[in-house]
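Chain by chain, the residues:
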Amino acid sequence: MSGTDYNYDEQGDFFPFFILTMASLVTIPVTYSLLKPSKELENTATRIASDFKPDHADLIDGQRKKQKRRERRLKRGIVTVGGWTVIGLMIYLIIVTARTIPTIWDPYEVLGVSRSASDKEITSHYRKLSKTHHPDKAQEDLAKNITKDFINDRWVDIVKAHKALTDDEIRNNYLQYGHPDGKQSFSIGIALPKWIITNGHGKYVLLMYALALGVILPYTVGKWWYGTQRMTKEKILVASAGKLFREYDNDQGASGVVGALSSGEEFNEVLAGHKAENNLSKLEQKVLASGSETTLSGALTKKDREKLEDLEDSRRRKVLTLLWAYLGRVELEDETLNDEKFEVAPVALKLNEAYTSIALAYGNTKAVLSAYHTSQNLIQALRPGASPLEQLPYFNPTVANAAEAERSRTHLSIQEFMRIPADQRKARVVAPGLLSEAQYMKAIAVASQLPVLHVKRAFFKVVGERHITPSSLVQFVLKCRFIPPGSGNVPDANPSDLEDVDPEEGDLAAITGRKDDRSGEKPIQPPLAYAPYYARDHAPRWNVFLADSKQGKIAVPPFSFSTFDKPILDANGNHTYNVQTMKMQFGAPPQAGSYTFVMHMICDSYIGMDTKMEVTLEVEDASKAEEVEEEDEISEPDEDTIAGQMRTLKSGGVPGAPKPKKRATQDDSSDGSDTDGDVDSESETDTDTDTDDE
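Owing to the predicted nature of the structure, the values given are computational and were not obtained by experimental measurement.

Procedures and definitions
Residues numbered from 1 in each chain as written. Predicted model: local features only at pLDDT ≥ 70, side-chain atom pairs only at ≥ 80, totals over all residues. Heavy atoms only, no water. pLDDT = per-residue confidence, 0-100. Contact = heavy atoms within 4.5 Å. Helix = DSSP H or I, 4+ residues; strand = E, 2+ residues; numbered from the N terminus. Buried < 20%, exposed > 50% of the residue type's maximum accessible area, 1.4 Å probe, protein only. Polar contact = N/O pair within 3.5 Å; in protein donor to acceptor, adjacent residues only side chain to side chain. Pairing = 2+ DSSP bridges. Axes fitted to C-alpha atoms, helices over the stretch in contact; angles between N-to-C directions. Parallel < 35°, antiparallel > 145°, perpendicular 65-115°, else oblique. Left-handed = near helix turned anticlockwise from the far one by under 90°. 1 Å grid on protein atoms, 1.4 Å probe; cavity = no way out; pocket = protein on both sides within 12 Å on 5 of 7 lines; lining within 4 Å. Points joined across faces, edges and corners; volume = space filled by probe spheres on them. Core = buried A, V, L, I, M, F, W, Y, C linked by side-chain atoms within 4.5 Å. UniProt positions renumbered as here; feature names shortened; annotations may be inferred. Salt bridge = Lys/Arg side-chain N within 4 Å of Asp/Glu carboxyl O. Patch = residues over 30% accessible without salt bridge, like charges linked within 9 Å, V, L, I, M, F, W, Y side chains within 5 Å. Areas by Shrake-Rupley, 256 points an atom, 1.4 Å probe, with all protein chains shown as cover. Phe/Tyr/Trp six-rings, centres within 6.5 Å; stacked < 30°, edge-to-face > 60°. Expected span 1.5 Å × (residues − 1). Nonpolar A, V, L, I, M, F, W, Y, C, P; charged D, E, K, R; others polar.

K.L.:
What should I look at first to understand the confidence of the model for the chain in this one?
P.N.:
Any residue range with low pLDDT should be treated as having predicted coordinates unsuitable for detailed reading. Mean pLDDT over the chain works out to 80, with 77% of the residues at or above the 70 mark. A low-confidence stretch, residues 654–694 (pLDDT under 50), is modelled with 106 contacts involving residues beyond four sequence positions or located in other chains.

Below, the structure written as structure tokens:
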């Protein structure tokens, strides 16, 4: 018989293998995505030590736990547990289920002779078997399950085996097709029980395929595609990005940015359903009431109040009011409102990243600075224009005003406050109605751990070149150190650490930045932002960009730095004061000349720790740079010549004495500028600006 037969897994021998394979294809990748270590900086950084608990610390912790539950990816966890349960069950069935394993028909084995037996030996053994296994001579034995049918089948098998080894035609069939009857049907095993498609169950199989291919698969693919298309690269809704674009204004300050952020669609999830209307009037009364004693009385301008009151969308109106209540640390005297107040801040910070991208696209310096300052305000829960001292535990506006005794228009930064002599500093804030001595000590302990990045040197260079020429690839190099406020006995920076040595020629790994690749190691980063009111962990980032002060435009877009090249803390948790190197690369202007930029270095997590300084880029004409290089390459006359001896005598030297070693290239004339002049640049083209903030 030839053709194709479909054999079904009647005994369930192969069905567990089928289910095991399908379950493994889904479960193993999902398990890996669930258990793989997170590379987010928030999960690898240390924390600033403090036992300060703000008001409603339980609500803030609740929001953090709520976010962690979301990050645990519950759906993937359920799929993982269910998948491994199925895999374990299938493995158990495979082990314990007795399977009937078909064996290959072998005439030698049937007759019980060796493969080297001759025809005579085969025939002789066949005759012996006929005396005991012939149906006329064999006896039934039901105890041993030997029935008449079994005897007949066994004898037929013996006869076939004998003929297969003695009859030429049958032997050829066996040798060619593996069976004495010739070519057999091709059997395909299906690892499904036969009952699934028999006895009228075929329609259910068709329905299952229709659901899988016509409903489930299109729905899954469509949901995935829609999910990718409805989000921007900043992970916010496209609809929110459109609203932020319409709300953008070059001239609006930080308060205007807060108003723009309230238009985000993400807040619909926070204030879903009736939440948008609940307690709205009570909330507005607390935040906007005239004559309010809250800290927002001076932060909210008349324009801000009018904008809020003119909003017709109740949800957006509540969001904006909650944001101002959060920034003003206003006590709302309602647990639900206070909880919502802490919930909207992280959403607003995510939206602010998208707003910053829009501001960068326009390139307006004021708008970019407003966006970055809004990030600081949201993380520290401080209103625009608040004193930086309020970032410290127990410091409220009253205490901050007392600390800023001699200031009338500007606020003291934490660094400036910590530079005040200790006894004077303590006398200002430790008093009845202000701080107790214990509270003061806790605040100072936090201040002494804050990561303030001080710029020690800033310069431009071109790798491997002595001059910066038009349209060349320029590096702006910053040499910085982390020096916490109030640090004493800070060692001077090693002059060699303030240089930037070019990699050796041909060292592609160093030139491309892959030589010191630490992608497989724990990143070197400062502690998480000290933000007790912010219901998330946040790794601080420093954004560095160059601006044209005359036009008010961004000249070189920001480069963000959150990890560094040298340890910030030692094994004991003490600051190392290592010099950190930060580099940003851009194309030089197409024309030769002197270009002055304003460098902004802004930390997104702390208020009052920004750095602003002027830097000058000197771009030399290409032809002039070549002439200088040719002059430098002219060799000096040898001492054994008359010209060489005359030159030695004129310079006051002794003929025949060893020549002094030529100083490194940094001692040669440089086209750059160095403010201090005591530390020269490694590259002749370095345009330096050295600062000393200590």
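K.L.:
Where do I start with the environment of S50 in this structure?
P.N.:
The residue S50 is located in the loop between helix 1 (15–35) and helix 2 (57–71) in this model. The exposure class assigned to S50 is partly exposed, which follows from its relative accessible area of 37%. Sequence separation between S50 and Y530 is 480 residues, and the spatial gap between their C-alpha atoms is 9.0 Å. Sequence-distant contacts of S50, that is, excluding residues within four places in its chain, are made with V446 and Y530. Within the structure, the side chain of S50 is placed 3.2 Å from the backbone nitrogen of F52, a separation counted as a polar contact.

K.L.:
Help me understand the sheet that holds strand 6 (residues 553–561) in this model?
P.N.:
Sheet strands pair by backbone hydrogen bonding; their relative direction is either parallel or antiparallel. Strands sit in the order 6-5-8-9 across an open sheet of 4 strands; the sheet is antiparallel. Unpaired on one side and paired on the other, strand 6 and strand 9 (611–619) mark the two borders of the sheet. Averaged over all neighbouring strand pairs, the angle between strand axes comes to 25°, with direction disregarded. Pairing geometry for strand 5 (residues 542–548) and strand 6, over 6 bridges, is antiparallel. When the bridges of strand 6 are listed, L546 appears paired with V556.

K.L.:
Quick question: what am I supposed to make of the packing of helix 9 (residues 238–247) against helix 15 (residues 335–362) here?
P.N.:
At their nearest, the axes of helix 9 and helix 15 sit 10 Å apart, and the two run at 50° to each other. Taken together, helix 9 and helix 15 sit at an angle that is classed as oblique. The interaxial crossing formed by helix 9 with helix 15 has right-handed handedness. Within the contact between the two elements, helix 9 uses S240, A241, L244 and F245 and helix 15 uses L351, A354, Y355, I358 and Y362.

K.L.:
Is there a simple way to think about empty space enclosed by the protein in this case?
P.N.:
To find the voids left in a structure, one rolls a probe of water-molecule size over its atoms. A complete count under the given rule lists 1 cavity of 30 Å³ or more for this structure. By volume, the largest cavity amounts to about 40 Å³. What lines the largest cavity is S255, G259, D304, K307, L308, L320 and W324. When residues of the lining of the largest cavity are assigned to their parent elements, the largest contribution, 3 residues, is made by helix 13 (residues 302–310).

K.L.:
Explain the nonpolar core here, please?
P.N.:
What tends to happen in soluble globular proteins is that the nonpolar side chains get buried as a cluster. Counting 114 residues, the largest nonpolar core has F395, F417, F460, F476, L478, M582 and M599 as the members making the most contacts within it. Per-element accounting of this core gives the leading share, 12 residues, to helix 15. Apart from residues lying up to four places away in sequence, L478 is in contact with V455, R457, A458, V544, Q580, T581, M582, M599 and M601. In terms of nonpolar packing, the next biggest core, distinct from the first, is built from 15 residues, Y108, W155, I158 and Y174 among them.

K.L.:
What is the right way to read the UniProt feature "transmembrane region" (unreviewed entry) in the chain from this model?
P.N.:
Taking the UniProt record as the reference, the feature "transmembrane region" (unreviewed entry) is found at residues 14–35, 74–95 and 204–226. Within residues 74–95, the helical portion is 100% and the strand portion 0%, while the C-alpha atoms at the span's ends are 32 Å from each other.

K.L.:
Would you explain the pattern of salt bridges in this entry?
P.N.:
When the charged atoms of two side chains with opposite charge come close together, those side chains can pair. This model, assessed by the stated rule, comprises 19 salt bridges. Here K350 makes a salt bridge to E353, at a shortest N to O gap of 4.0 Å. Separated by 3 residues within a single helix, K350 and E353 lie in helix 15, roughly one turn from each other. Residue classification places K350 among the partly exposed residues on the basis of a relative accessible area of 35%. Among the residues examined, E353 registers a relative accessible area of 38% and is labelled partly exposed. In this structure, the salt-bridge partner of D500 is K583, at a minimum N-O distance of 3.1 Å. Of the two residues, D500 sits in the loop between strand 4 (473–482) and helix 21 (508–511) while K583 sits in strand 7 (residues 579–587), which places them 83 residues apart along the sequence. The network of salt bridges with common partners includes K461, K479, D500 and K583.

K.L.:
Would you mind showing me how to read a nonpolar patch on the surface here?
P.N.:
A surface patch of nonpolar side chains, amounting to about 830 Å² of accessible area, comprises M208, Y209, L213, L217, V221, W224 and W225. Structurally, the position occupied by W224 is in helix 8 (residues 202–229). You can call W224 exposed: its relative accessible area is 57%.

K.L.:
Can you help me understand the environment of G385 in this one?
P.N.:
Tracing the backbone shows G385 in the loop between helix 16 (365–380) and helix 17 (397–403). Separated by 131 residues in sequence, G385 and A254 place their C-alpha atoms 9.1 Å apart.

K.L.:
Is there a simple way to explain the packing of aromatic side chains in this structure?
P.N.:
To describe a pair of aromatic rings, one takes the distance between the centres and the angle between the planes. In this structure the tally under the stated criterion is 14 aromatic pairs. A centroid spacing of 4.8 Å and a plane angle of 75° characterise the contact between F52 and Y394, whose relative ring orientation is edge-to-face. Pair noted here: F52 is in the loop between helix 1 and helix 2 and Y394 is in the loop between helix 16 and helix 17, with a separation of 342 residues, a long-range link. The exposure class of Y394 is partly exposed, given its relative accessible area of 25%. Ring centres of F482 and F564 lie 5.0 Å apart, and the angle between their planes is 90°; this geometry places the pair in the edge-to-face category. Of this pair, F482 sits in strand 4 while F564 sits in the loop between strand 6 and strand 7, placing them 82 residues apart in sequence.

K.L.:
Please clarify how helix 16 should be interpreted in this entry.
P.N.:
In an α-helix there are 3.6 residues to a turn, and that puts residues three or four apart on one side. Across its 16 residues, helix 16 extends 23 Å between first and last C-alpha, which sits within 8% of the 22 Å expected from 1.5 Å per residue. Judged by how many residues are buried, helix 16 sits mostly within the fold: 14 of 16 residues are covered. N-cap assignment for helix 16: the residue whose side-chain oxygen lies 3.1 Å from the backbone N of K366 is N364. The positive-phi residue at the C-terminal boundary of helix 16 is A381, with phi of around 55°.

K.L.:
Help me understand the side chain of E404, please; the structure alone is not making it clear to me.
P.N.:
Counting through the fold element by element, E404 comes out in the loop between helix 17 and helix 18 (414–419). When its relative accessible area of 6% is taken as the criterion, E404 is described as buried. Within polar-contact distance, the side chain of E404 engages the backbone nitrogen of L412 at 3.0 Å. Those residues in contact with E404 that lie beyond four places of it in its chain are S387, L389, H411 and L412.

K.L.:
Looking at this structure, I do not really get the packing of helix 19 (residues 422–429) against helix 20 (residues 437–447). What am I missing?
P.N.:
Between helix 19 and helix 20, the least distance of the axes is 10 Å, while the angle of their chain directions is 125°. Taken together, the axes of helix 19 and helix 20 lie oblique to each other. Here helix 19 runs over helix 20; the crossing is right-handed. Facing A422, R425, K426 and V429 of helix 19, the residues of helix 20 in contact are E437, Y440 and I444. In terms of residue class, the contact of helix 19 with helix 20 is built from 4 nonpolar, no polar and 3 charged.

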